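# Architecture at a glance
Here is how the chains run, residue by residue.
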Amino acid sequence: MRKLAIGAALCGSLALAGIAAPAASAATPNLVFSDVTVNKGKAIVVGTTKTVKVPVTYTLTRPADLVIDNKKTFAAVMLYRGTLKSLANELDPEVMPTCTTTSTTDSTVTESCSETIPVDPGEYLYDASDATTWKAAGLYAHLDATVSDDFLSTESDVAIWGNLTTAKVQRAAKLTVNATPEPAVMGKTITVKGKLTRANWETGKYSGYKGQKVVLQFRAEGTSTYENVKGITSGTGGALSTTVKASKTGYYRYVFAGTTTTAAAKATGDHIEVDPPATRL
């Protein structure tokens, strides 16, 4: 598991905190992370290659005498799977959060903060178990060191406030469609094939998604609305195939509603021309 990206200077303190789960020391300030929103409340959909940049916003209330300088003191929101005592995986910002003061009292400062957590599937998502509901946690760390040729002294303090909110991470899905023959003859059979696949983070490729309900839809040429034709179930390797009677020129597509672990998907409509039957003289 990688270390917290916003400071390799944290020297693995997050990992140590997750393993040892120490009680906060007397020096740990009272920070309050509230109103945490991850990805604007939407699921985080990740494919196999593209890094997804996840926006995170929150309110941070800190003691008035505490300075978060991002050099010796750090504060941010992270995402994690598992528990703080036993982290299964974690995702962190690579750039320090941006915070703006919104109110103050004699003893506290309240700030509106935003950050971005990059999710690179090739580096940070390991297997299918990462497609689940994650939790958000607030992190505070203080690190100080005195170093010379003959002397080394370090001081650190880490605190993590977990389960602030949740965020769903899903595998991206893809759908294809191909209607034949082209052109078709009115009243004759059209075969509509396709394939449903989803991101496989272990292989870095898309693999077939078998046993899933998919809906075939049709949009007549010159109209803007697709209508349901029939539902089918994906077969081996995510294969899709069904037949319909040709009635008019238009576009066929498959639509997948998604599952808890896999995002919804729609195929780009495949145009098919339907000609009237040939007339014998």
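If you're wondering where the values come from, they're calculated on a predicted model, not measured in any experiment.

Before going further, it helps to spend a moment on the side chain of Arg219. Note on placement: Arg219 falls in strand 15 (residues 213-220). No salt bridge is formed by the buried Arg219; its nearest oppositely charged neighbour, Glu221, is found at 7.9 Å. Of note is the side chain of Arg219, whose polar atom sits 2.6 Å from the backbone oxygen of Thr223. Setting aside its immediate chain neighbours within four residues, Arg219 contacts Ser224, Thr225, Tyr226, Gly250 and Tyr251.

Paired through their backbone hydrogen bonds, the strands of a sheet run either parallel or antiparallel. If you trace the four strands from one edge of the open sheet to the other, you get 1-3-7-6, paired in antiparallel fashion. In this open sheet, the two strands that pair with only one neighbour each are strand 1 (32-38) and strand 6 (98-104). Averaged over all pairs of adjacent strands, the angle between their axes in this sheet comes to 20 degrees, without regard to strand direction. Sheet analysis places strand 3 (residues 52-63) next to strand 7 (residues 108-119), joined by twelve bridges and oriented antiparallel. What sits directly across from Pro55, in strand 7, is Thr116.

Predicted confidence across the chain gives a mean pLDDT of 89, with 89% of residues reaching 70 or more. For the stretch residues 1-26, pLDDT sits under 50, and the model shows 52 contacts to residues farther than four places along the chain or on other chains.

If you look at the biggest cluster of nonpolar residues, it comprises 28 residues, and the most contacted ones within it are Val38, Ile44, Tyr58 and Leu79. Per-element tally for this core: the top contributor is strand 3, with four residues. Excluding residues within four positions of it along the chain, Ile44 makes contact with Val38, Asn39, Val52, Val54, Leu79, Ala167, Lys168, Val169 and Gln170. Judged by nonpolar contacts, the second largest core, of 24 residues, contains Tyr209, Phe218, Leu240 and Tyr254.

Each regular strand shows side chains that alternate between the opposite faces of the sheet. By the alternation rule, side chains of strand 17 (residues 239-245) split into Leu240, Thr242 and Val244, which are all buried, and Ala239, Ser241, Thr243 and Lys245, of which none is buried. Bridge analysis of strand 13 (residues 189-200) against strand 17 gives seven bridges, and the strand direction is antiparallel. By the bridge assignment, Lys193 is partnered in strand 17 with Ser241.

Taken as a whole, this structure holds four aromatic pairs when the rule is applied. Note on Tyr209 and Phe256: the rings are 5.9 Å apart at their centroids and 80 degrees apart in plane angle, and the pair reads as edge-to-face. Here Tyr209, found in the loop between strand 14 (205-208) and strand 15, pairs with Phe256, found in strand 18 (residues 250-256); they are 47 residues apart in sequence, far enough to count as distant. Note on Phe218 and Tyr252: the rings are 4.7 Å apart at their centroids and 45 degrees apart in plane angle, and the pair reads as tilted. Of this pair, Phe218 sits in strand 15 while Tyr252 sits in strand 18, placing them 34 residues apart in sequence.

Definitions and limits used
Residues numbered from 1 in each chain as written. Predicted model: local features only at pLDDT ≥ 70, side-chain atom pairs only at ≥ 80, totals over all residues. Heavy atoms only, no water. Helix = DSSP H or I, 4+ residues; strand = E, 2+ residues; numbered from the N terminus. Buried < 20%, exposed > 50% of the residue type's maximum accessible area, 1.4 Å probe, protein only. Lys, Arg positive; Asp, Glu negative; His and termini not counted. Salt bridge = Lys/Arg side-chain N within 4 Å of Asp/Glu carboxyl O. Polar contact = N/O pair within 3.5 Å; in protein donor to acceptor, adjacent residues only side chain to side chain. Contact = heavy atoms within 4.5 Å. Pairing = 2+ DSSP bridges. Axes fitted to C-alpha atoms, helices over the stretch in contact; angles between N-to-C directions. pLDDT = per-residue confidence, 0-100. Core = buried A, V, L, I, M, F, W, Y, C linked by side-chain atoms within 4.5 Å. Phe/Tyr/Trp six-rings, centres within 6.5 Å; stacked < 30°, edge-to-face > 60°.

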